[in-house]
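# Coordinates in review
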Amino acid sequence: DVKVTQSSRYLVKRTGEKVFLECVQDMDHENMFWYRQDPGLGLRLIYFSYDVKMKEKGDIPEGYSVSREKKERFSLILESASTNQTSMYLCASSFASGRSQYFGPGTRLLVL
Amino acid sequence: AQSVAQPEDQVNVAEGNPLTVKCTYSVSGNPYLFWYVQYPNRGLQFLLKYITGDNLVKGSYGFEAEFNKSQTSFHLKKPSALVSDSALYFCAVSAVGGATNKLIFGTGTLLAVQP
């Protein structure tokens, strides 16, 4: 079974803090994704990566950056957290373009 | 541009009755279509997908979905609902052969199954 793990289930941070969300997958997948999920808005893609050190902006990249130094690990960085970044963050991975994505359990982030 | 619509925010059904969760899509070319389920405070779990072939696709937990090209729909169905099916369901689409790696997700439909 594909396993995607996220470093934290719940996080509470203060406005202005730098926040790191980590995601690790164990199936040698090429592609990795970061989404945020908000009620009524569904899943919105923040960034994705199709190879080590490669990244592309998704639909809502503002205020976020990413890092993929190793194939199995994809990090989401909030450079200066703001209250409007309070959300559920979901990481996913997939083997190939447009194919099934496998999701981690999510990190619920609260920015005070 | 690719898009997915889930026209119902919530679907209510009695246990034992058939259920349908609706999804329509817009994509250039042939689509890859997916259904995912999310239980409270969990990530999304893959249910089923349509890539090519038979229009009726069977997936996990007794769910199935029918691809209808003329209506650009991919509705999720189950013959007999269980209370444990209560969850948030997402439809997603990607273009076959497209350069993008992205799936586009609908806004989700909350399924509530009453005992």
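Scroll up a little and you will see the structure.
In short, a report on the structure.

Rules and cut-offs
Residues numbered from 1 in each chain as written. Chains lettered and ligands numbered in written order. Predicted model: local features only at pLDDT ≥ 70, side-chain atom pairs only at ≥ 80, totals over all residues. Heavy atoms only, no water. 1 Å grid on protein atoms, 1.4 Å probe; cavity = no way out; pocket = protein on both sides within 12 Å on 5 of 7 lines; lining within 4 Å. Points joined across faces, edges and corners; volume = space filled by probe spheres on them. Nonpolar A, V, L, I, M, F, W, Y, C, P; charged D, E, K, R; others polar. Helix = DSSP H or I, 4+ residues; strand = E, 2+ residues; numbered from the N terminus. Buried < 20%, exposed > 50% of the residue type's maximum accessible area, 1.4 Å probe, protein only. Contact = heavy atoms within 4.5 Å.

Where empty space is left becomes clear once a probe the size of a water molecule has been rolled over the atoms. Taken as a whole, this structure holds one cavity of 30 Å³ or more when the rule is applied. Reported here for the largest cavity is a volume of approximately 30 Å³. Around the largest cavity, the lining residues are Arg9, Tyr10, Met88, Pro105, Gly106 and Arg108 of chain A together with Asn41 of chain B. Here the residues of the lining of the largest cavity are counted per class, giving three nonpolar, two polar and two charged.

Of the volumes computed, that of the largest pocket is approximately 440 Å³. In this structure, the largest pocket is lined by 23 residues; those nearest its centre are Gln37 and Pro39 of chain A together with Gln38, Leu88 and Phe90 of chain B. For the lining of the largest pocket, the elements supplying multiple residues, two or more each, are strand S4 (31-38) and strand S9 (87-94) of chain A together with strand S10 (87-95) of chain B. Per-element accounting of the lining of the largest pocket gives the leading share, three residues, to S10 of chain B. Within the lining of the largest pocket, the residues separate by chemical class into nine nonpolar, ten polar and four charged. Considering the residues around the second largest pocket, the lining is formed by 17 residues, among which Phe103 of chain A together with Gly43, Leu44, Gln45 and Phe46 of chain B are closest to the centre. Within the residue set of the lining of the second largest pocket, elements represented by two or more residues are strand S10 (102-103) of chain A together with strand S6 (44-50) of chain B.

Here we come to the environment of proline 79 of chain B. Residue and element names in this part refer to chain B. As for its position among the elements, proline 79 is in the loop between strand S9 (73-78) and S10. Under the relative-accessibility criterion, proline 79 is labelled exposed at 56%. Measuring from C-alpha to C-alpha, the distance between proline 79 and alanine 65 comes to 11 Å, with 14 residues separating the pair along the chain. With near-sequence residues (within four places) excluded, proline 79 lies in contact with Gly16, Asn17, Pro18 and Gly62.

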